[in-house]
Amino acid sequence: MKVSVAAFFCLMAGSANAFAPQSVQSRATAARTSLAAENGSTEDRRSFVTKSASVAAAGVAAASGVMTGLPEMADAASSTMWAPVPLPFEDTLFDVDFDSPTHGYLVGARGSFAETNDGGKTWEARSFSNLDAEEEVTYRFQVVSFKDGEGWVLGKPTLLLHTKDDGKSWERIPLSPKLPGEPTSIVALGPSKAEMTTSSGAVYVTENAGRNWKAQVKETIDATLNRISSSGVSGASYFTGSIINQVRDAQGNFLAVSSRGNFFLTWEPGQDFWIPHNRGTPRRIQNMGFVEGDIKKGLWMTLNGGKLFVSAPEPDLTTDAFEFVEADIKTGGYGITDVMWRTDKEVWAVGGSNTMYVSFDGGKKFSFDKSANNIPGNLYNVKFFPEFGNMGWALGSNGLLLRYVG
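Notes on the structure in this doc start here. (Residues numbered from 1 in each chain as written. Predicted model: local features only at pLDDT ≥ 70, side-chain atom pairs only at ≥ 80, totals over all residues. Heavy atoms only, no water.)

### Regarding the sheet that holds strand S28 (residues 401-404)
On the basis of which strands lie adjacent, the open sheet formed by four strands has the order S1-S28-S27-S26 and antiparallel pairing. Unpaired on one side and paired on the other, strand S1 (82-84) and strand S26 (379-385) mark the two borders of the sheet. Pairwise comparison of adjacent strand axes, ignoring direction, gives a mean angle of 25° for this sheet. Across three bridges, S1 lies against S28 in antiparallel orientation. By the bridge assignment for S28, Pro-84 is matched with Leu-402. (Pairing = 2+ DSSP bridges. Helix = DSSP H or I, 4+ residues; strand = E, 2+ residues; numbered from the N terminus. Axes fitted to C-alpha atoms, helices over the stretch in contact; angles between N-to-C directions.)

### Remarks on the environment of Gln-216
As for its position among the elements, Gln-216 is in the loop between strand S13 (214-215) and helix H5 (221-227). Residue classification places Gln-216 among the partly exposed residues on the basis of a relative accessible area of 31%. Residues Gln-216 and Ala-202, 14 residues apart in the sequence, show an inter-C-alpha distance of 7.4 Å. Within the structure, Gln-216 has its side chain in polar contact with the backbone oxygen of Lys-214 (distance 3.0 Å). (Buried < 20%, exposed > 50% of the residue type's maximum accessible area, 1.4 Å probe, protein only. Polar contact = N/O pair within 3.5 Å; in protein donor to acceptor, adjacent residues only side chain to side chain.)

### Quick look at the sheet that holds strand S14 (residues 243-248)
One key point about sheets: their strands pair by backbone hydrogen bonds, in either a parallel or an antiparallel sense. Strand order in the open sheet formed by four strands is S14-S15-S16-S17, and the pairing between neighbours is antiparallel. Since the sheet does not close on itself, it has two edges, and those belong to S14 and strand S17 (275-278), each with one partner. Within the sheet, the average angular offset between the axes of one strand and its neighbour, ignoring direction, is 25°. Relative to strand S15 (residues 254-258), S14 runs antiparallel, the two sharing four bridges. Bridge pairing links Arg-248 to Phe-254 in S15.

It is worth stressing that arrangement in space is one thing and function is another; only the former is reported here.
Pasting the structure below:
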């Protein structure tokens, strides 16, 4: 599961500079919000953002006596390979999953929960019978995972729901308050089997539908890092924070970023503890993931300021640092929140102000896609389902769901 909820909260808590060029971030955002509502259909939104940002930058420059320019925005005359899908709510979306080419579920903020039976063309709002309406709206459903008709939904405040009948009925799974950290991800692995992680780096597996959980890691991340305080990884010594954005590949390997974005960690099944790695750059890590969903094929890393780096295949997970190569992607400073390989050549990146970029050379060079050009908000998650015809979905704020149409 891609736990891109973490990207959303890291960015929102970390400051808006993840979404806008730093020199004009606050003024451009305010102008974009107010004017887009008044004149949304009469002027191209990306064009407006550029103009507003230029005015704001000029004001800042005038006040300081220095003239400056903005990063060049992406080419607006580009592809349109995604189409919006109407939804029964307008809350931020966090995750989507399918257990067949036609049947799937979508989850989000304020108890948002929807089901499709036609491959995502239409969605109907659903509710949980074991949660009353007032209680349900207080939850932020962050993760949904299905396999062969059995599914799990993870929410915050801590809530874990389980179904064995394609979502017709759900049971609430109790979790111990003594868990190290908060539950952050859940992956359906088969009949009554699932894998769960926490913000402290704990990994648990259940084989009896959540009645018992077996720990896969012997100690939490802060315990590991404080024990090996001379690891040589910047920011790892005397670590007392948590990790975000745990992502899992199909073989059960995990990747996570420290909550401050100053280093990252990996864990492989059978290891006793997580291994920390330097980020190799002074910029903070915004998000990370696997190339083609497989740690053996490499890692990708996004940094504040709209930077994207990709590692070589077969990275040495025992070393403190990896060698990353910067991708050619012109974001104008807007942050990249998620990256996903559709094929070995076709790669998609999404980010702030609903920006979308596509590469057809395996992630070396990206061009702008204007599918969400006139839609306000931010994109947080992009997912493809190769097992179901490689259908793709992009999720964002304000109930924005985009379907890949190619």
